[in-house]
Every structure is written in structure tokens, then in C-alpha cells.
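Report on the structure
Chain by chain, the residues run as shown.
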Amino acid sequence: MKKRKMVAWMLTGAVLFSTTLAAPGIAPAAQAKTVQAQISAQKVKVGGRITIKAKTKDVSYESSNSVIASVDAKGVVTGKKKGKVKISVLRKGFKTKKYTIAVEKRKRKPASLPVTFSEVSIDNEVVNFDMRTPTGELTGGEQHISYVTNHAKKGKIKRIVYYYKITKRVPVFPSPTKQPPENTSESPSPISPGAVTAEGATAEPAATESPDSSKNTVTYKNKTFEITVTAKNLGPGKRVRAERTGEGAENIRPFDSDLTKIKLYTGKALYVYDAVKGTYTLKWGTKDTKAPVIKGLIKNSSSTGDGDIYRVYYSDMKSRYNFSQFVTAEDDRDGVVKVKADTSKINWKKSGVYKLWLTATDRGGNTAKTWARVQVYVPGSAESAADQILKSITGSSWSDEKKARAIYSYIRGHCSYVQHSSHTQWRDSALKGLRYHSGDCYTYYAMSRLLLTRAGIPNVMIKRYPTPGGQRHFWNLTYVRGGWYHYDTTPRQRNADFCLWTDAQLWNYSSGYTFQFNRSAYPARATKRI
């Protein structure tokens, strides 16, 4: 009992002690201030740079993953690999300031641009040496040497120049104060410096002294110097010593100064990075006469090998479509170029197959033009039925993947399999399947296609090939997350879920027997499971 009373007394005392500390009238411990800083942007391309400007003095910088983005002693962040990284601004006694940086993939470089900034790096080495002072004493010294590396596999750098600025304190010596002569008749007439006297000699200005010698003290001011680091003739994979110019450049590390600009001369191009504005400019030494190249699902490739058209548009939804989808344009100088679609030749009041015209123009004014087949439908009873179902099972803000999975669950849960149905027209088969809640694999494909297409999700028919014993099978190839995935709502005895599967998943299910198809008749399928 005594022991228990003693413990209770100690606990009570601890509570009273803690309460006393928190009592009014006693100031709490001062909270540490947070490091003050500003960042120019929180997104950067691979090879690009952004800057963190610290208002708090004597800070350091740290990257949570230098493989994705690095940061130097001046707060310059360089993107290296796609991903996200945290950059910390630290100072002892202060709360750390953290920024989340998203590193984005840079657009593909122009084919005729051999090297880009993301393929070049600069590093610094310090060389120590012995030297003697004017009095003969032996002392140590150091020299800073810069090296530039070309990481490109093929391109050659003719010349690359890094421009830095550094601010140093320099002495300012006061000018002597000049005293005017007294204006008396005995005083000699003033002689201008450089004037010729009667004896023919050039007059020298007389030295004067300030009446107040205390004002002749030396003062200091900040002065900005420019340093350049230049490397020439760097072949693929080569590393060379760079030439440094500027006052005191041999003893100043460029990484302790501010980068202002980089000029990269490669091939027929001058590529300039303005580090102050964070902008890139590209200039060419010859006229651009080559048009961009448009690639993708165009011309005969705008439909599958079975003749099914990839682009299916409804006339009442034309404002929602991205008509340049499935097409890219690349220029030998400008890289990726925007593709524009012309729908003026489409009659939106009549169902049918039309040509969609696509153009791409580069900065030099060169234009490429091509076409793609599109299927246009004027909505009917099938679309009305589909809209009612979609309204009840999907949300307008949902992603295509989420909508596709909801459609899959609905068809699987509301329809039963029967052996025979009509295979004439997919819209008619889809309407019958939704009305009577039954059908074979073609009906399941058709219902999926109607609901997916009305939901704005591209999809086409894919069918078994070859057909062992004449046993046919149909399912959908559906486009979500930037890739084509298999989508089969037909039920199976093993109750497998074939919603957005890859080729490998289908093969693992039946060793390719059920899902054999002509692989060359369709676009490349996604390989990543979702």
C-alpha cells in the first residue's frame, strides 16, 4: 500500500509540475523561424533549370533524389529524370523550407539537332600547387579547372560557352582634391595640362593635396565581373578541359557564381539557354525547306486490318472530340509540331464515312497535309438507350478508365449469354442486347462498343483469327490511359474478368487459344497492366 501511495504522489506531482509550466504568465519557448525563400517555378523539363532565391542568409540546399533533380550551392535546380523530388532549403536554427518539384519529360529533340542541353554536363576540379611569395616564402595555392562532357551518343558539339557573373568587393581610392590658385597679380597665370609653354615644354599638372587628409581613406564597393567557360570540338562521349576567361577566372569556381546564359553550337544550329528568364531559343544557319512528317492512324491505317474505323463520331457530340487524336507530327528542326484538323468536309447531318484532313506547319512555314477516315453517326434509338444507362452508372467527371470499368460491370451484371444472335450491324445488335439482356459474344462486343463510344472512349472490334473449327469470337480493343487494352465482357465459366487486359494477360489465361488474333491488323497494344 505504501508503494502505491508513493507512486500516486509522484504522478500527482508530475501533473502539477507540468501544469505550472503551462500556467498563464509564463512565456512559452520561442518557436523557430522558417527559412524564407522563393522559387521561380515548381515544374522543370529534363535538362532544364529553375532557381530558388533564398531571402534568409547562409542557407544550404538538398535534394531528396539527385537522380531526378539536383540542386547546387546557389539554389539552381536541374531536372535529370521524369518524376517528383523534394528540394529543401536549410539553415541551422530555422525550420526547413521544402518545395516539391515535378520533373517532366522534354519533347523529342529535332532530328537535325545533334545535341541538347540535357546531354551536356560541366564539372569543376581543384588543383593544389606550391608557390613562392615575393619575399621568397613557400606557400600553397589552388587552381580551378572546368571540364565539359558530351553525353550524346551521336551528336558533336562545335562549341559551348557558359556565361557566369560574380560579384566581388573592390577598393575605391579617392581622387585628390584640387585647390584653385589665389587670384592676385603676383600669382602666375594658370596653365592647362598638356599646353605648350614659351620654352616649348609640355606643362605637367601640379600635384595637390586635400586640406583634410582624413578624407583620403580607401573605401570598397561591389563590382560584377563576367566569367566565360568555353569548350570546343566535343565528339560523342568525350570530356575536354574548358578554357576560362574573365578577371580572376583561374581562381574562381563558376559554381559559386551565377549562371546567366549557355550558348551551344552544334550541327547547323545555335541553341541558347537564358538562365535568368529560364527560356530556350533555337537559331539555324540555313533556311528550313523541309515539311514536318505526320504519323499515326492516317490514310489506310485509320482503320483496322478488318476494316473497322478507329474514329467514330456522333453529330451531337462533335464539340467534345479531339480530332487530332492518334496523330503526331515531327519536324527535323522544330521537333514535335501541333497537328490541326479540318472537319469542313464532314456532313454532320448524315451518317457515313468521311475524310478528316490533318495539317502540320513548322516555324519555317512548311506544311504537311494528310487525311484519315472517320465514321459519323446521327444518334438514334440505340444511342438514346445507351445515354439512359450511362447517366445512371457513370459520372461526368470520371476518367475514361473508371467509366470503362463501370460499363463492364453493368453488362456483366445485366446480360446473360445465349448461343445465337444477329451479326449484321453492331448498333442494332447492341440495342437488342440492352433491351432483352441477352446475346452471344458479338452482342456483348456490340453493347460494349455502343456504351463506350457514347461515353467518348475510342474502341474497335477485334476478332479471333484463325477460327479453329469455325468457332468465332469477338471482343473490343479499347483506348484508355494512352494505350490500347483488350476488353471482353462475354462471361466465362471460370468467371474471369477481361477488363482492360494486355496481350500477356490474355495469353496466360488460355495459352492464346481463345484470344488468338491477327496482331499486325491492329495498333500496338499497351504492355503495362492497370
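Preceding this section is the structure that the text describes.
Notes on the structure follow. Keep in mind that what you see is a predicted model, and the values were worked out from it rather than measured. (Residues numbered from 1 in each chain as written. Predicted model: local features only at pLDDT ≥ 70, side-chain atom pairs only at ≥ 80, totals over all residues. Heavy atoms only, no water.)

Helix and strand counts for the chain come out as 6 helices and 30 strands. Residues counted as buried form 41% of the 530 residues belonging to the chain. Split by element, the accessible area of the chain, about 31900 Å² in all, is 51% carbon and sulfur. (Helix = DSSP H or I, 4+ residues; strand = E, 2+ residues; numbered from the N terminus. Buried < 20%, exposed > 50% of the residue type's maximum accessible area, 1.4 Å probe, protein only. Areas by Shrake-Rupley, 256 points an atom, 1.4 Å probe, with all protein chains shown as cover.)

With that settled, the discussion passes to the packing of aromatic side chains. Here the structure, examined in full by the defined rule, presents 27 aromatic pairs. Look at F517 and Y522: their rings are 6.1 Å apart centre to centre, the planes differ by 65 degrees, and that puts the pair in the edge-to-face class. The same class applies to F517 as to Y522, namely buried. The ring of W398 has K402 lying over it, and the distance from NZ or CZ to the ring centre is 4.3 Å. One Lys or Arg, R449, reaches over the ring of W426 and ends 4.9 Å from the middle of that ring. (Phe/Tyr/Trp six-rings, centres within 6.5 Å; stacked < 30°, edge-to-face > 60°. Lys NZ or Arg CZ within 6 Å of the ring centre and 35° of its normal.)

Take the packing of helix α4 (residues 426–436) against helix α5 (residues 441–454) next. With their axes 8 Å apart at the nearest point, α4 and α5 run at an angle of 95 degrees to one another. If you check the angle between α4 and α5, you find them roughly perpendicular. Across the interface between the two elements, W426, S429, A430, G433 and L434 from α4 touch Y442, T443, Y445, A446, M447, R449, L450 and L451 from α5. Split by residue class, the contact of α4 with α5 holds 9 nonpolar, 3 polar and 1 charged. (Axes fitted to C-alpha atoms, helices over the stretch in contact; angles between N-to-C directions. Parallel < 35°, antiparallel > 145°, perpendicular 65-115°, else oblique. Contact = heavy atoms within 4.5 Å. Nonpolar A, V, L, I, M, F, W, Y, C, P; charged D, E, K, R; others polar.)

We now examine helix α6 (residues 503–510). Where α6 is concerned, the buried positions are D503, Q505, L506, Y509 and S510. Projected down its long axis, α6 carries its buried residues within an arc of 165 degrees, all on one side. The first or second residue beyond α6 is S511, which carries a positive phi of 55 degrees. (Arc of directions from axis to C-beta.)

Attention now goes to the nonpolar core. If you look at the biggest cluster of nonpolar residues, it comprises 75 residues, and the most contacted ones within it are I407, W426, L450, L451, Y487 and F498. Here this core takes 9 residues from α5, the largest share from any one element. Residue contacts for L450: discarding those within four places in its chain leaves Y314, A382, E383, A386, W426, A430 and L434. Listed in part, the 27 residues of the second largest apolar core include V148, Y164, L259 and L264. (Core = buried A, V, L, I, M, F, W, Y, C linked by side-chain atoms within 4.5 Å.)

With that settled, consider the pairing of strand β23 (residues 352–361). Alternating residues of β23 divide into G352, Y354, L356, L358 and A360, all buried, and V353, K355, W357, T359 and T361, none buried. With 4 bridges joining them, strand β22 (residues 339–342) and β23 adopt antiparallel strand pairing. The partner of V339 across the bridge, within β23, is A360. Where β23 lies against strand β24 (residues 367–377), 10 bridges are found, and the strand directions are antiparallel. By the bridge assignment for β24, K355 is matched with R373. (Pairing = 2+ DSSP bridges.)

The next thing to look at is the pattern of salt bridges. All told, the structure shown has 13 salt bridges when counted by the stated rule. Between R239 and E125 there is a salt bridge, with the nearest N and O atoms lying 3.2 Å from each other. Here R239, found in strand β13 (residues 239–241), pairs with E125, found in strand β9 (residues 120–132); they are 114 residues apart in sequence, far enough to count as distant. You can call R239 partly exposed: its relative accessible area is 43%. (Salt bridge = Lys/Arg side-chain N within 4 Å of Asp/Glu carboxyl O.)

As a further point, take the packing of helix α2 (residues 381–393) against α5. As a packed pair, α2 and α5 sit with axes 9 Å apart at the nearest point and diverge in direction by 70 degrees. The angle between α2 and α5 falls in the class roughly perpendicular. Of α5, the residues touching α2 (which contributes A382, E383, A386, D387, I389 and L390) are L450, L451 and R454. Grouping the amino acids of the contact of α2 with α5 by side-chain chemistry returns 6 nonpolar, no polar and 3 charged.

Pairing is antiparallel across the open sheet formed by 6 strands, whose spatial order is β14-β12-β11-β15-β16-β17. The open sheet is flanked by β14 (243–245) and β17 (279–284), the only strands paired with a single partner. Recorded for the sheet is a direction-independent mean angle of 20 degrees between the axes of neighbouring strands. Judged from the 15 bridges that link them, strand β11 (residues 157–172) and strand β12 (residues 219–234) form a sheet pairing that is antiparallel. Among the inter-strand pairings, Y164 is bridged to a residue of β12, identified as I227.

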